[in-house]
Structure formats: C-alpha cells, structure tokens
Amino acid sequence: MSLYPELKGFYHLRETIGSGGFAKVKLAYHALSGEKVAIKIMDKKTLGAELPRVTTEIAAMKELCHQHICKLFQVIETETKFFLVLEYCPEGELFDYIVSKDRLDESEAQIFFRQIVAAVAYIHDCGFAHRDLKPENLLLDEDQNIKLIDFGLCAKPKGGMESLLTTLCGSPAYAAPELISGKQYLGSEVDQWSMGVLLYALLCGFLPFDDESITQLYKKIKTGSYKFPEWLSDGSKELISQLLQIDPKKRIPIAELLKHPWLTKNVNVPIEWKSKYKKSLDDDCITELAVHYGKTRSQMEEEILQWKYDYQTATYFLLLEKKMKGKPVRLLCRH
Ligand SMILES: COc1cc(O)cc(Nc2ccc(C(=O)Nc3ccccc3)c(OCCC[NH3+])c2)c1
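The following refers to the structure shown. Source: prediction; values computed, not measured.

1. Some remarks on the packing of helix α11 (residues 283–293) against helix α12 (residues 297–304)
Right, so step 1: Taken N-terminus to C-terminus, the directions of α11 and α12 make an angle of 105°; their axes are 9 Å apart at the nearest point. Our classification of the angle between α11 and α12 gives roughly perpendicular. From α11, D283, I286, T287, L289, A290 and Y293 reach across to α12, where they touch R297, M300, E301 and I304.
Right, so step 2: Tallied by class, the residues present in the contact of α11 with α12 amount to 6 nonpolar, 1 polar and 3 charged.

2. Description of the side chain of D141
Right, so step 1: With respect to the secondary-structure elements, D141 resides in the loop between β6 (138–140) and β7 (146–148).
Right, so step 2: An unpaired buried charge is present at D141: no salt bridge exists, and K147, the closest side chain of opposite charge, is 4.2 Å distant.
Right, so step 3: Engagement of the side chain of D141 in a polar contact is seen with the backbone nitrogen of D143, the distance being 2.8 Å.
Right, so step 4: Residues contacting D141, with those up to four places away along its chain left out, are C89, P90, E91 and K147.

3. Focus: the site of the ligand
Right, so step 1: Neighbouring the ligand are 19 residues; K40, E57, M61, C89 and E93 lie closest to it.
Right, so step 2: Contact distances for the ligand include 2.5 Å between an oxygen atom and a side-chain N or O atom of E57.
Right, so step 3: Separating an oxygen atom of the ligand from a backbone N or O atom of C89 is a distance of 2.7 Å.
Right, so step 4: For the ligand, whose unbound accessible area comes to 640 Å², protein coverage reaches 87%.
Right, so step 5: Secondary structure elements with two or more residues in the shell around the ligand: β1 (11–19), β3 (36–43), α2 (51–63) and β5 (81–87).
Right, so step 6: The class makeup of the residues in the shell around the ligand is 12 nonpolar, 2 polar and 5 charged.

4. Quick word on the nonpolar core
Right, so step 1: Counting residues in each nonpolar core, the largest one holds 107 residues, and the members touching the most others are F113 and I116.
Right, so step 2: Among the elements that take part in this core, helix α4 (residues 106–125) stands out by supplying 11 residues, more than any other.

5. As for the packing of α4 against helix α6 (residues 187–204)
Describing two packed helices takes the angle between their axes plus the distance from one axis to the other.
Right, so step 1: For the pair α4 and α6, the least separation of the axes is 10 Å and the interaxial angle reads 165°. As judged from the angle between their axes, α4 and α6 are roughly antiparallel. Here α4 and α6 pass one another in a crossing that is right-handed. Touching E106, A109, F113, I116, V117, V120, I123 and H124 of α4 are S188, D191, M195, L198, L199, L202 and L203, all from α6.

6. Considerations on the sheet that holds strand β2 (residues 23–30)
Right, so step 1: Strands sit in the order β1-β2-β3-β5-β4 across an open sheet of 5 strands; the sheet is antiparallel. A single partner strand is all that each edge strand has here, and the edge strands are β1 and β4 (72–77). Adjacent strand axes in the sheet meet at a mean angle of 25° when their direction is disregarded.
Right, so step 2: Its contacts with the sheet place α2 against β3, β4 and β5, and it is angled at close to 35° to β5.
Right, so step 3: The sheet contacts of helix α13 (residues 311–324) involve β1, β2, β3, β4 and β5, and relative to β4 the element is tilted by about 160°.

7. Looking at the pattern of salt bridges
Side chains that carry opposite charge are capable of pairing whenever their charged atoms lie near each other.
Right, so step 1: Going through the model one piece at a time under the given rule, you end up with 21 salt bridges.
Right, so step 2: Between E87 and K147 there is a salt bridge, and its shortest N-O distance comes to 2.9 Å. Of this pair, E87 sits in strand β5 while K147 is found in strand β7, placing the two residues 60 residues apart along the sequence.
Right, so step 3: On the accessibility criterion, E87 (7% relative accessible area) is buried.
Right, so step 4: On the basis of relative accessible area, K147 is assigned to the buried category, the value being 6%.
Right, so step 5: Ionic pairing is found between E106 and K265, a salt bridge with its closest N-O pair at 3.0 Å. Of this pair, E106 sits in helix α4 while K265 sits in the loop between α10 (261–264) and α11, and the two are 159 residues apart along the sequence.
Right, so step 6: With relative accessibility at 34%, the residue K265 sits in the partly exposed group.

What counts, and where the lines are drawn
- Residues numbered from 1 in each chain as written.
- Predicted model: local features only at pLDDT ≥ 70, side-chain atom pairs only at ≥ 80, totals over all residues.
- Heavy atoms only, no water.
- Axes fitted to C-alpha atoms, helices over the stretch in contact; angles between N-to-C directions.
- Helix = DSSP H or I, 4+ residues; strand = E, 2+ residues; numbered from the N terminus.
- Parallel < 35°, antiparallel > 145°, perpendicular 65-115°, else oblique.
- Contact = heavy atoms within 4.5 Å.
- Nonpolar A, V, L, I, M, F, W, Y, C, P; charged D, E, K, R; others polar.
- Buried < 20%, exposed > 50% of the residue type's maximum accessible area, 1.4 Å probe, protein only.
- Lys, Arg positive; Asp, Glu negative; His and termini not counted.
- Salt bridge = Lys/Arg side-chain N within 4 Å of Asp/Glu carboxyl O.
- Polar contact = N/O pair within 3.5 Å; in protein donor to acceptor, adjacent residues only side chain to side chain.
- Near = heavy atom within 4 Å.
- Areas by Shrake-Rupley, 256 points an atom, 1.4 Å probe, with all protein chains shown as cover.
- Core = buried A, V, L, I, M, F, W, Y, C linked by side-chain atoms within 4.5 Å.
- Left-handed = near helix turned anticlockwise from the far one by under 90°.
- Pairing = 2+ DSSP bridges.

Written out as structure tokens, the structure reads:
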C-alpha cells in the first residue's frame, strides 16, 4: 500500500532530501515527462497554527515565476496533507557550498549576489517581501544558478510595498534592527538588511552578528557592531556597509543596488532582474500536451491558462523546463 496514494501514477517517489520542522522534502520523478522534481510534504496536524503560512506561501509562489526562484509546479491538498511539487535543485544549499569552500572569492560571490539581488528585485516588484533571506533558503540548480526557496514568511502587504509590517519573523542572525526591536517596518527594507548579512557571509564564511546569547546578538545588531576581516576589498566593504545601515531609510535602495559598481565591475552589464519567462504560452509544449490528452490546441491552451496548478500545469512547466535545457519537448508516453 503506497504511503502517498495521491501521487500514485503521477510521481515516482525516491529518497528524502530534506526534512525540517513542519515539512519533509522528497526527490521524485514526474511520470509523464521523466523530469526530476522535489516534493515538499506537510501534515496539516503537525502544521497546526503554522497552516496559514502554507496558504500564504502557495499564493505567493503562484504569482512568482523567475529564473532565480524555485518554481512551484503543482499543489495537491488532501484532508490531512499538502504536497508542493517544486523545481529540483540538485546542487543543494548555498550555505553548504560556502562552508565547503570556507569562503568565496570576490568574483564567485559577485556572480551569486547578482542572482540574489535579481530575485529580490523581482519579488519586490511583484509586491512581495521574502523576510527570511539566508543561505539555507538559497539553493543551487544543476548549473550552480541560485534558486530562492521558502516563501512561508513572505508578506504581500495589503497597501503595497510602502505599507508597514509588524510580525516578528525570520532568523535572528539575518534580522534587521527595526524588526528585532518590534518596531513597524517595511518588508523591502528588512530584505535589504538580510542581503547585507548574506553578502558578508559569502565573502567571509561567517556571520557579521553572532553570539550564543540571543540578547547579546540583538545588542550587536541594534548597534550595528560588526568588523570587516582584512581580506575584504574596499568595494565590498562599501557595499556591505550601505546595506547594513541601522536606519532603514539609509540603506541603499534596490534600484541603486542593481547598478552598484561592485556588482557591475568586470561584468559591465546591468543585472537582468526581470523574469526570463515569457507571458505567452509556449506552442511546442501546448502541442505536445494536446496530442497527449487528445485535445485541440485551443482547448489545451484554455485549460492551461486557468493555471490550476494541477498535474496538467506541472506537465506544461516541466515540458518548458525540458525545452529551456535543450531537451526534446516530448512526453514519455503518447496515447
Ligand atoms: C519555492 O520553492 C520552495 C519553497 C519551499 O517552501 C521549499 C522548497 N524546498 C526545496 C525545493 C527543492 C529542493 C531540492 O531540490 N533539493 C535537493 C535536490 C537534490 C539534491 C540536494 C537537494 C529542496 O531541498 C531541500 C533540502 C536542501 N537541503 C527544498 C522550495
């Protein structure tokens, strides 16, 4: 008897690749395309009061479609469980990569940080703040490209990105002073602070603010007390200090960040932060789906455009992934 009958015939489950508080993530194969996916499985009973985070995250991920954000392909909800079918990121966490190399040199840190800034610029432009930016929430795909994950704490303030938030959330070491002081704050500004902590961690291999005692840690964050190791260049120190400003209004805004000299040096092209995904449907994928389901192309287009995040949505996105990787736009079995 299969543990997850809901997946039978649609996904072939393999090993567990991650397990945290409320979720387990398993590797799986999407039966129709043969593509690998990650399936995040959550038990509603275990979730308890956290349940609204899941609905928040699902709503957010349905609106976010970007080359540096882990893609949601399908949502399966049963009486007792949620299954999120997600993009497969086989190179694991950026956190582990930094630890494996002790710290990154400037050129490698610049490549990763450009992708992180692109993802954050995109979600802010969509009216979201992530609020939990940290290396554990940045995965790497097979080409070592950044994929931002875990939108369980993201916020889409009702009044838009200028309206204030109050919820205390995220991980202490990456949390902005105004957030840990319980003050009202702007989601975009706390994300800017977290990016400063992230850039520091990439270049140093340890955190700017760290302490066993949470009260000592908070004191260091609120007073902005951190040191630069001697190996940091002037350019990187200048950028980090423009992000780690205690006064949120003094932090470099994302529009400036996109063209900051440290991020454009030796690269000389601005950061392409807009989504590379086309708004219109891909003809080859629609054709292959229509053939498989024995429908006309316009019937198929109409169904996909409802974005039900059902198995058909997943199959469409995975055919698109195959196409973007230069693989044939083919399903494994054609009726
Ligand atoms: C929006 O994307 C999300 C949201 C979310 O709430 C959770 C996740 N989690 C994911 C997604 C993919 C993987 C994954 O593919 N991992 C992996 C695959 C092969 C080798 C190594 C890692 C994932 O992994 C979790 C464990 C990482 N330590 C989590 C995405």
